[in-house]
Amino acid sequence: MAFIRWRGHSAQLVATVYEKGHSRQVVLAPLGTGYRVPSGVAAQVAERFPGIPVDWDAIARAMIQGPPHQPAPPQARAYGEVEQLLRRWAEQEMTPYPQEREVLRKAADVLTSWQARQEGE
């Protein structure tokens with residue numbers, strides 16, 4: 001199972017793999033310094049490492065919290081949590097209409113944009 005390893009303010013998605021009785025850690029993807037999983041990372045990891053399970057909800061929650069030595073500000077955590085919920089709702093069957101799914105995704109994108117601007121300030 002993949003997990004996050006923090007290197008200062010930057011995160012990496014890492015997994016432990018076992019080969020011939022030995023373990024080693026493999027960096028699956030850099031996740032950067034934001035309080036979110038960068039877009040497209042899940043697809044890249046799935047393509048490059050199809051046999052490694054990743055709990056993307058758990059990874060997103062860990063990114064929302066930020067590094068252990070400097071937790072994310074409350075506003076960044078709130079944006080991240082709501083963004084994650086919007087994206088989850090867009091993928092659930094309880095939202096059967098494509099236009100509603102797209103609105104939920106766009107609302108999540110707005111929160112991502114707001115958060116990115118705040119990080120740059």
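If you're wondering where the values come from, they're calculated on a predicted model, not measured in any experiment. (Residues numbered from 1 in each chain as written. Predicted model: local features only at pLDDT ≥ 70, side-chain atom pairs only at ≥ 80, totals over all residues. Heavy atoms only, no water.)

Draft legend 1. Region of interest: the pairing of strand S3 (residues 22-32). As defined by bridge partners, strand S2 (residues 10-19) adjoins S3 across nine bridges and the pair is classed as antiparallel. Bridge pairing in S3 links valine 14 to valine 27. Two successive antiparallel strands, S2 and S3, enclose a turn made up of two residues, where lysine 20 displays a positive phi of approximately 55 degrees. (Pairing = 2+ DSSP bridges. Helix = DSSP H or I, 4+ residues; strand = E, 2+ residues; numbered from the N terminus.)

Draft legend 2. Region of interest: the sheet that holds S3. Strand order in the open sheet formed by three strands is S1-S2-S3, and the pairing between neighbours is antiparallel. Two strands lie at the open edges of the sheet, namely strand S1 (3-7) and S3, each paired on one side alone. Taken pair by pair, the neighbouring strands of this sheet meet at an average axis angle of 40 degrees, ignoring direction. Note that S1 and S2 share five bridges and pair antiparallel. Bridge assignment links arginine 7 to a residue of S2, and that residue is serine 10. Against the sheet, helix H1 (residues 41-48) contacts S2 and S3, and its axis sits at roughly 150 degrees relative to S3. Across the sheet, helix H2 (residues 56-65) lies against S1, S2 and S3, angled at about 25 degrees from S1, the strand it touches most. (Axes fitted to C-alpha atoms, helices over the stretch in contact; angles between N-to-C directions. Contact = heavy atoms within 4.5 Å.)

Draft legend 3. Local environment of the confidence of the model for the protein chain. On average, residues of the protein chain carry a pLDDT of 88, and 95% of them reach 70 or more. Taken element by element, the predicted model of the protein chain shows its lowest mean pLDDT in helix H4 (residues 98-120) (82) and its highest in H1 (95). (pLDDT = per-residue confidence, 0-100.)

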